[in-house]
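Here's the letter readout for the chains.
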Amino acid sequence: MTNLAPRVVDKSNAAAQVLDDLRKQIQSGQYAKGARLPTEKALGVAYGVSGATVREALRGLASLHLVEVRHGSGSYVTADSGHLIALSLHSMIQLERVGVPEVLGVLGVLNAYAAELAAVHATAADVQAMQAALDQVADAASPECVARGLSDFLQRLAEASRNPLLVVLCKFLAGLQIGLAREIARGSLDQWRQTTAQLKGERQKLLDAIRKKDIEAAKQHARSYHERSLKVITALPQARSARLSQQALDNLLVSFTQRSA
């Protein structure tokens, strides 16, 4: 196998070099998602390193969410582009102390672009799925159902853009927005209904523009929806004290991983 061609490794930093070489092969597609990596013994021979060094490199790949080490079975590629981008965003928000206004500001721009592309690319099935999500919000019997409906609507909107990078970015940032709204509503279904009802018209106008393939109207209604949602959310009594907590960020990353699996 060409993947196992002998490689020169500096023994002073062997594990890091093995990790980096395997990472490049995974990211370049030489090892596809779901593929089983060569055995530890085979990797050790190819790199001229010990089994302990190979295991250290594999643990590093696992910590990067690129592989899963299954005891007794081997190591399998689990790399998912969406999860890797979400992981980077998660880390950046933590390190740079990014606040709610910054997150929602970027999301507004991205949603407007997604709406513009959706007006061009959305199929009848896309429109139907978005309408079903809006109907779920309107008929929701619990805060969880409201959140799920809103999440589905925004995700379907992004997916209709047919831009994979935009899909991941919108999906992650929309999750933060919905998580913040839930924090403000504090689990109250009445609060959720009152808040979402104020935005029902804006969401429907956006979808109607996409259905009609009206690009300019889609962009306009996406911006209006974003601006209106900011006003509604920030006008709530609990808005001033709401924050993107560490736990909220961690929970979002976990749920993102589960949905991407």
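### Topic: the overall build of the protein chain
Turning to step 1, where the next piece is worked out: Along its length, the protein chain carries 11 helices and two strands.
Turning to step 2, where the next piece is worked out: In the protein chain, the succession of helices and strands from N to C terminus is α-α-α-β-β-α-α-α-α-α-α-α-α.
Turning to step 3, where the next piece is worked out: Here the protein chain holds 261 residues, and 46% of them are scored as buried.
Turning to step 4, where the next piece is worked out: A total accessible area of about 13,500 Å² is found for the protein chain, and carbon and sulfur atoms account for 54% of it.

### Quick notes on empty space enclosed by the protein
Turning to step 1, where the next piece is worked out: According to the stated counting rule, one finds four cavities of 30 Å³ or more in the structure shown.
Turning to step 2, where the next piece is worked out: In this structure, the largest cavity encloses a volume near 140 Å³.
Turning to step 3, where the next piece is worked out: Lining the largest cavity are 13 residues, with Leu-150, Gln-177, Ala-181, Tyr-225 and Ile-233 sitting closest to its centre.
Turning to step 4, where the next piece is worked out: Those elements giving two or more residues to the lining of the largest cavity turn out to be α7 (143-159), α8 (164-185), α9 (189-211) and α10 (215-235).

### Here we look at the confidence of the model for the protein chain
Turning to step 1, where the next piece is worked out: Looking at the protein chain, pLDDT values average 84 and 84% of them are 70 or higher.
Turning to step 2, where the next piece is worked out: Summarising per-element confidence for the protein chain, the mean pLDDT is lowest in helix α11 (residues 246-260) (51) and highest in helix α6 (residues 124-139) (95).
Turning to step 3, where the next piece is worked out: Counted against residues more than four places away or in other chains, residues 256-261, with its pLDDT under 50, gives 12 contacts.

### Let's talk about the nonpolar core
Turning to step 1, where the next piece is worked out: Membership of the largest hydrophobic core comes to 48 residues, with the highest contact counts inside it found for Leu-157 and Ile-210.
Turning to step 2, where the next piece is worked out: Contributions of two or more residues to this core are made by α4 (81-95), α5 (100-121), α6, α7, α8, α9 and α10.
Turning to step 3, where the next piece is worked out: Here the element with the most residues in this core is α5; it accounts for 10 residues.
Turning to step 4, where the next piece is worked out: Ignoring any residue separated from it by four or fewer positions in sequence, one finds Leu-157 in contact with Asn-111, Ala-114, Ala-115, Ala-118, Met-130, Leu-206 and Ile-210.
Turning to step 5, where the next piece is worked out: Counting 20 residues, the second largest nonpolar core, distinct from the first, contains Val-9, Val-18, Val-54 and Ala-79.

### Side note on the pairing of strand β1 (residues 67-70)
Turning to step 1, where the next piece is worked out: Sheet topology places β1 next to strand β2 (residues 74-77); four bridges connect them, and they run antiparallel. Residue pairing across strands places Val-69 opposite Ser-75, the latter belonging to β2.
Turning to step 2, where the next piece is worked out: What sits between the antiparallel neighbours β1 and β2 is a turn of three residues, in which Gly-72 has the positive phi angle 85°.

### Structural notes on α4
Turning to step 1, where the next piece is worked out: Between the first and last C-alpha of α4 there are 21 Å, a value that for 15 residues agrees with the 21 Å anticipated at 1.5 Å per step.
Turning to step 2, where the next piece is worked out: Listed as buried for α4 are Gly-82, His-83, Ala-86, Leu-89, His-90 and Ile-93. What you see down the axis of α4 is that its buried residues fit within an arc of 120°, all on one side. For α4, exposure combined with an orientation more than 90 degrees from the buried face picks out Ser-81 and Leu-95.
Turning to step 3, where the next piece is worked out: Trailing α4 by a residue or two, Arg-97 shows a phi angle of about 55°, which is positive.

### Quick notes on unusual backbone geometry
Turning to step 1, where the next piece is worked out: One non-glycine residue with positive phi stands out, namely His-65, at about 65°.
Turning to step 2, where the next piece is worked out: Within the fold, His-65 resides in the loop between α3 (51-63) and β1.
Turning to step 3, where the next piece is worked out: Of the residues examined, His-65 reaches a relative accessible area of 33% and is grouped as partly exposed.
Turning to step 4, where the next piece is worked out: Residues other than glycine seldom take positive phi values, yet Lys-213 does so here, at roughly 60°.
Turning to step 5, where the next piece is worked out: Along the polypeptide, Lys-213 turns up in the loop between α9 and α10.
Turning to step 6, where the next piece is worked out: With relative accessibility at 41%, the residue Lys-213 sits in the partly exposed group.

Conventions used here
Starting from 1, residues in each chain are numbered consecutively following that chain's sequence as written. Owing to the predicted nature of the model, reporting of local features is limited to residues with pLDDT of at least 70; listing and counting of side-chain atom pairs is limited to 80 or more, with chain, interface and lining totals taken over all residues. Note: side-chain values were computed over all heavy atoms of the structure, leaving out hydrogens and water. Helix numbers and strand numbers start at the N terminus; a helix is a DSSP run of H or I with at least 4 residues, a strand a run of E with at least 2. Three exposure classes are used, based on accessible area relative to the maximum for each residue type with a 1.4 Å probe and protein chains only: buried under 20%, partly exposed in between, and exposed over 50%. Working definition of accessibility: Shrake-Rupley area with a 1.4 Å probe, residue cover restricted to the visible protein chains. Using only the protein atoms, space was sampled on a 1 Å grid; points where a 1.4 Å probe fits but cannot get out form cavities, open sets with protein on both sides within 12 Å along at least five of seven lines form pockets, and lining residues are those with an atom within 4 Å of a point. Grid points are joined across faces, edges and corners, and a volume is the space filled by probe spheres set on the points. pLDDT is defined as a per-residue confidence score from the predictor, taking values between 0 and 100. In this analysis, two residues are considered to be in contact whenever any of their non-hydrogen atoms come within 4.5 Å of each other. As used here, the term nonpolar core means buried Ala, Val, Leu, Ile, Met, Phe, Trp, Tyr and Cys residues forming a set that is joined through side-chain atoms within 4.5 Å. Following DSSP output, two strands are said to pair if at least two bridges run between them. What a helix is expected to span follows from its residue count: subtract one and scale by 1.5 Å. In this context, the arc is that of the directions from the helix axis out to the C-beta atoms.

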